[in-house]
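Summary of structural features
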Amino acid sequence: MVAQDVPKIGVFVCHCGKNIGAVVDVKRVCEYAKGLKDVVHVKENLYTCAEPGQNEIKKAIEEYGLNRVVVAACTPKLHEPTFRRCVEEAGLNKYLFEMVNIREHCSWVHANDPEGATKKACDLVKSGVAKARLLTPLKDISVPVWKEALIIGGGVAGCQASLDLADMGFKVHLVEREQSIGGIMAQLDKTLPTLDCSICILGPKLVDVGKHPNIDLITNAEVKSCEGYIGNFEVEVEIKPRYVNMEKCDGCGACVDVCPVVLPNKYDMNLKPRKAIYSSFPQAIPLKFNIDIDSCIKCGLCMNACDKHAINFNQSPMTKKLKVGTVIVACGAQPFDALIKREYGYGKYENVITSMEFERVICASGPTSGVLLRRDGAPAKKIAFIQCVGSRDEKCGNPYCSSYCCVASIKQAMLIKEHDHEAEITIFYMDLRAHGKGYEDLYSRARAEGIMFVRGRVGEIRETANGKNLVVVAEDTMTGGIIEQEADLVVLAQGLDQGENTSALSRMFHIPVDSYGFFMEAHPKLKPVDTPIDGIFIAGTAAQPRDIKDSVTSASAAASRASIPMTAGEVSIEGITANMVNPEKCTGCALCVKRCPYGAPKVNAEKKKVTIMEALCKGCGTCVADCPFNVLDQKHFREEELLAQVDALLEDEPENKIISFNCNWCSYAGSDLAGVSRFTYAPNVRIIRVMCSGRVSKRLILRAFEKGAGMVLVAPCHPADCHYISGNKWAEERIDKQLRKALPTYGIDPRRLRFFYVSAAEGIVYSKLINEMAKELKENIETWKNQKLNLPESGKKI
Amino acid sequence: MSMVEKIDFAARNEFIKLIGGHDVTKCFQCGTCTASCVAARFAGNYNPRMTILRALRGSPKVFEDERLWLCGSCHKCSERCPENVEPTEVLMQIKEEAFRRGAVPKAIYDKGDLILKTGWSLESASADILRRRVGLQPLSAINTEDINKIAKITGLAIQTAEAER
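Since this is a predicted model, take the numbers as computed values, not measurements.

Topic: the overall build of chain B
Helix and strand content of chain B: 11 helices and 1 strand. Element order for chain B, N to C, with α for helix and β for strand: β-α-α-α-α-α-α-α-α-α-α-α. Taking the principal axes of the C-alpha coordinates as reference, chain B spans close to 60 × 35 × 35 Å. Split into buried and exposed, the 165 residues of chain B put 39% on the buried side. Taking all contacts inside chain B whose residues are at least 6 apart in sequence as the whole, residues at least 24 apart take part in 62%. Total accessible area on chain B is roughly 10,000 Å²; 55% of this is exposed by carbon and sulfur atoms. Seen as two clouds, the 24 positive and the 21 negative side-chain charges of chain B have centres 4 Å apart.

Here's the deal with the sheet that holds strand β36 (residues 753-755) of chain A
Residue and element names in this part refer to chain A. Strand order across the open sheet formed by 4 strands is β34-β33-β35-β36, with parallel pairing between neighbours. Edge positions in the sheet fall to β34 (685-690) and β36, since each of these pairs with one other strand and no more. Sheet twist, expressed as the average angle between the axes of neighbouring strands with direction ignored, equals 15 degrees. Relative to β36, strand β35 (residues 711-715) is paired through 3 bridges, and the arrangement is parallel.

As for the sheet that holds strand β3 (residues 68-73) of chain A
Backbone hydrogen bonds hold the strands of a sheet together, and the pairing may be parallel or antiparallel. All names here are of chain A. The strand order β2-β1-β3-β4 describes an open sheet built from 4 strands, whose pairing is parallel. Whereas interior strands pair on both sides, the edge strands pair on one side only; in this sheet they are β2 (39-45) and β4 (97-101). The sheet shows a mean angle of 15 degrees between the axes of neighbouring strands, direction not considered. Judged from the 6 bridges that link them, strand β1 (residues 9-14) and β2 form a sheet pairing that is parallel. Each residue of the ladder has a partner; that of Phe 12, found in β2, is Lys 43. With respect to the sheet, helix α1 (residues 26-34) is in contact with β1 and β2, its orientation differing from that of β2 by roughly 170 degrees.

Describing the nonpolar core
All names here are of chain A. Ranked by internal contacts, the top residues of the largest apolar core, which has 121 residues, are Val 11, Val 69, Leu 150, Val 329, Phe 509, Phe 661 and Ile 701. Per element, the largest residue contribution to this core is 7 residues, and it comes from helix α5 (residues 114-134). Sequence-distant contacts of Val 329, that is, excluding residues within four places in its chain, are made with Ile 152, Leu 505, Ile 511, Phe 519, Ile 536, Phe 537, Ile 538, Ala 539 and Ala 542. Cys 159, Ala 161, Ala 284 and Ala 539 belong to the second largest nonpolar core, which has 40 residues in total.

Side note on empty space enclosed by the protein
Summed over all chains, the structure comprises 11 cavities of 30 Å³ or more. The space that makes up the largest cavity amounts to roughly 220 Å³. Glu98(A), Met99(A), Gln645(A), Tyr668(A) and Arg689(A) are the residues nearest the centre of the largest cavity, which is lined by 18 residues in total. Among the elements of the structure, α3 (76-89), β4, α5 and β34 of chain A are those that each provide at least two residues to the lining of the largest cavity. One number sums up the size of the second largest cavity: a volume of about 160 Å³. Phe453(A), Cys27(B), Gln29(B), Leu53(B) and Arg57(B) are the residues nearest the centre of the second largest cavity, which is lined by 17 residues in total. For the lining of the second largest cavity, the element with the most residues is strand β21 (residues 452-455) of chain A, which contributes 4 residues. Among the residues forming the lining of the second largest cavity, the class breakdown is 11 nonpolar, 2 polar and 4 charged.

Brief notes about the side chain of Thr82(A)
Inspection of the secondary structure puts Thr82(A) in helix α3. Within the structure, Thr82(A) has its side chain in polar contact with the side chain of His79(A) (distance 2.8 Å).

So, the state of the cysteines
All names here are of chain A. Applying the stated criterion across every chain, the model contains 1 disulfide over all chains. Unpaired in terms of disulfides, Cys 86 finds its nearest cysteine sulfur in Cys 49, a separation of 11 Å. Cys 586 takes part in no disulfide bond, and the closest cysteine sulfur, belonging to Cys 592, lies 6.5 Å away. Classification of Cys 586 as buried rests on a relative accessible area of 11%.

A closer look at helix α19 (residues 698-706) of chain A
Residue and element names in this part refer to chain A. By the burial criterion, the buried members of α19 are Lys 698, Leu 700, Ile 701, Leu 702, Ala 704 and Phe 705. Against the buried residues of α19 lie α17 (639-649), β33 (658-663), β35, α20 (727-742) and β36. A positive backbone phi angle near 100 degrees is found at Gly 708, which sits one or two residues after α19.

Looking at the pairing of β4(A)
Residues and elements named next belong to chain A. Across the 5 residues that make up β4, a large majority, 5, are buried. Residues of β4 alternate between two faces, with Phe 97, Met 99 and Asn 101 on one and Glu 98 and Val 100 on the opposite face, all of them buried. A crossover links β3 with its parallel partner β4, the connecting element being α3, and its sense is right-handed.

Regarding the interface of chain A and chain B
Taken together, the 23 residues of chain A in the interface contact 19 residues of chain B. Taken together, the two surfaces of chain A and chain B that pack against each other cover about 1,800 Å², and 55% of this comes from carbon and sulfur. Looking only at chain A, the three residues that lose the most surface to chain B are Arg447(A), Met452(A) and Met478(A), adding up to 32% of its buried area. Close ionic contact of Arg57(B) with Asp476(A) constitutes a salt bridge, the shortest N to O distance being 2.7 Å. Here chain A and chain B share 11 residue pairs in polar contact (both at pLDDT 80 or more) between them. Secondary structure elements with two or more residues in the side of chain A that touches chain B: β20 (424-429), α12 (439-448), β21 and β24 (481-487) of chain A. Here the side of chain A that touches chain B is built from residues that sort into 10 nonpolar, 7 polar and 6 charged. Of the strand pairs in this sheet, β24(A) and strand β1 (residues 4-5) of chain B are connected by 2 bridges, and their pairing is parallel. Bridge pairing links Ile483(A) to Glu5(B) in β1(B).

A look at the pairing of strand β8 (residues 215-218) of chain A
Residues and elements named next belong to chain A. Sheet topology note: the strand β7 (residues 171-175)/β8 ladder contains 4 bridges and is parallel. Counterpart to Leu 174 in the pairing with β8 is Leu 217. Handedness of the crossover is the feature at issue here: the chain leaves β7, passes through helix α7 (residues 198-211), returns alongside β8, and the resulting connection is right-handed.

Considerations on helix α18 (residues 667-676) of chain A
Of all 10 residues in α18(A), 8 are buried, a share of seventy percent or more. Trailing α18(A) by a residue or two, Arg678(A) shows a phi angle of about 60 degrees, which is positive.

Details of unusual backbone geometry
Residue and element names in this part refer to chain A. Along the chain, Leu 192 connects to Pro 193 via a cis peptide bond; the corresponding omega equals 0 degrees. Within the secondary structure, Pro 193 sits in the loop between β7 and α7. With an omega of 0 degrees, the peptide bond running from Ile 285 to Pro 286 counts as cis. Residue position: Pro 286 is located in the loop between β13 (277-278) and β14 (290-291). With a phi angle near 55 degrees, Ser 369 is a residue other than glycine that sits in the positive phi range.

Conventions we followed
Residues numbered from 1 in each chain as written. Chains lettered and ligands numbered in written order. Predicted model: local features only at pLDDT ≥ 70, side-chain atom pairs only at ≥ 80, totals over all residues. Heavy atoms only, no water. Helix = DSSP H or I, 4+ residues; strand = E, 2+ residues; numbered from the N terminus. Buried < 20%, exposed > 50% of the residue type's maximum accessible area, 1.4 Å probe, protein only. Contact = heavy atoms within 4.5 Å. Areas by Shrake-Rupley, 256 points an atom, 1.4 Å probe, with all protein chains shown as cover. Lys, Arg positive; Asp, Glu negative; His and termini not counted. Charge placed at Lys NZ, Arg CZ, Asp CG, Glu CD. Pairing = 2+ DSSP bridges. Axes fitted to C-alpha atoms, helices over the stretch in contact; angles between N-to-C directions. Core = buried A, V, L, I, M, F, W, Y, C linked by side-chain atoms within 4.5 Å. 1 Å grid on protein atoms, 1.4 Å probe; cavity = no way out; pocket = protein on both sides within 12 Å on 5 of 7 lines; lining within 4 Å. Points joined across faces, edges and corners; volume = space filled by probe spheres on them. Nonpolar A, V, L, I, M, F, W, Y, C, P; charged D, E, K, R; others polar. Polar contact = N/O pair within 3.5 Å; in protein donor to acceptor, adjacent residues only side chain to side chain. Disulfide = S-S within 2.5 Å. Right-handed = clockwise from strand over helix to strand, strands pointing away. Buried area = accessible area lost by both parts, 1.4 Å probe. Salt bridge = Lys/Arg side-chain N within 4 Å of Asp/Glu carboxyl O.

Structure below.
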């Protein structure tokens, strides 16, 4: 139903039993509402949310031809969905409903001041009516979802996610950068805590991926670009040439035998040779050969040896275009570069090796056929493991715990013990973290096996004068002494760094990364495999350092999450998005593009104009508030609507009022919590709800001052907690920095503007803040009331 | 004395062998033993956790440390040790080894000698006086022959004799 030109507003004021009615004089509020412009019907209810209350609303819509409904009751966080449904059932668009919070924000916090509470309730109703008058009907956006998925990365996480989705019946495109899938797990000797063979359990999974009819395996390839939004991503994948025809090659290996070029094999951590034509490892999937064209001398021997005529030096890169509905990013992590920790001598002392090198050396198919030998061929008998190499280390930019290395080193020590029970093994650690199922048992077995644990981070490693042995120096923090331990082999337990392609993919898909460079989850606890971008999920070590089990768990979780929109076939997006209201004024300055963490605004290079991809917009309004030319507006939180609220709230006694802009997710919930907790505070605050502090434009604040507001508060989420990733950051820039600086030139004491972080858990903080502000206002009211304002002309860029 | 220590794996392995059936290597240095220890509470820097750790590091100083003998074998640590290391037993083994090495404080030898000679761990004249006053028989002599036999089997007698020399 489209809103008629003349608003006919119905106001329903709720007693909520005694919750509101015992403090607020509801009758007086009703009388007040009757006097407001365009209000044609006012009704009080004992419980508006109950069935009879809802029926009254429906009846009134019909009887009085209401085209806007205002309910003054509890917080919209509780019953806005209820009443939206109610008006919708009566044939009204759900966005023509406005809720006024006179319980959490009024009766519950001003129980000691019924008069103040009643006045405030009247004001809040007026503000609600002012907004309702301007409301427009909106439509949620429904987007069809293409039932194919893109998985980036063919490590164990990518393989698991692919198999799960493929088994559900979805077509999966699995893109792997290397020539074979398998990732880091394929390089490991044994897995923990069970010490079973890594490739033996991974190999069959790789075969399943290679053979699955629903999996389109694209190896030796990288994603080059991505456009679109949930349900409709258009992706370009570049496939690098192998110089071997995949269809013809049957993996016989005749070419390898004749190739004269010998190079170190990256798969074996460069400890074992390969040829210029090669496959990384025997279990590679697809088992197709590949020419390292930079090293190939083009002698042609392989061409002669190949009876399938598969060799083709004329191959060039190919681009494959995909259309997918969902994306799972499983591009992995990379082991920390041990060269950075110079005090450990990696790269300088030949018997200092990394944990990845150790995996190849101890592996039966590795360079020494599984015998633990040093580079000089001597067996290693005294082995020291150094933990936290590139973990818990601010110096090298990795303050986090890589979480897998403690148990991985214990596993490696156990493998040495399996080969050689007499080996003398010491593990130097800071804190031993063995938190998974069966991990403590592994640690316990290791101690029982006689593996020595020394609590102390290694300070330095020196080489002995003769024999290339090493001296490891650490404090034994359990005794306070310093230990100098001689070892003939030192293994550095590498932490995990962000994956090599993380930043490129982050830019391409607009997925934010955390301060350590790993992909960020939509919510660290409740949406651990979703990214802030709808339709894109993360699995495995792309999100954080993880061991195999956690990687597989996250992959199955991501597959399951990705299947939801694909199964539903469409997704609905709330209609509170940003949109272009004055496209002719757009200069293509792209400030909105910079403000949006979701990539919703795009600049059309030819027309120099922005378009908003509404399906990508999450509705924070940060771009709207910062648009220098008022080109953009946010539906349902239109500038006009919010200005009307400001004006309404400041009609009477403005000098005594505090206008508080609360973000929906943190400070609004925080002020609700103050209500639930009955933390009383001064009744002269008036809250306006926005989705994000990023939506609060300078104009809104200046309008409040223009109308005489005593003080203005903008209360965003704490810095790292923004529901829209960075809205609060831009709010801080715009309000707390720029506007605050400009206030004196407008004749406004900067103390009248507060910018204060309030979380959803900080009800007490909010109530104390308001009391403190009210006190400050009272002390300064005479001065501030008489400040002569020198505001920029309205409509002009502020 | 240098602060620098070395881990002596050979000595460590000997110690583990010495402890025998006890899973002393399972010790993860939680400190429950020291926290439960009455002696540690009242006797300055006596610390059973540290004693076990030093032994596991193969430090020979462990056996010379007179503080060992502050353990009263109350077994609270063994009762509470989460890893079943049984510190009381471990300390007992260390004490025995210290005995074998002749690294025992004189007072402890004197005590051993008294037991071998009298069967009592302390000489008490007042006990008999007290007993007489309440009409009890004086304490009967203890058959030290059996005690000496046990001491001989366990090697204690030889060691005390040696120590006296």
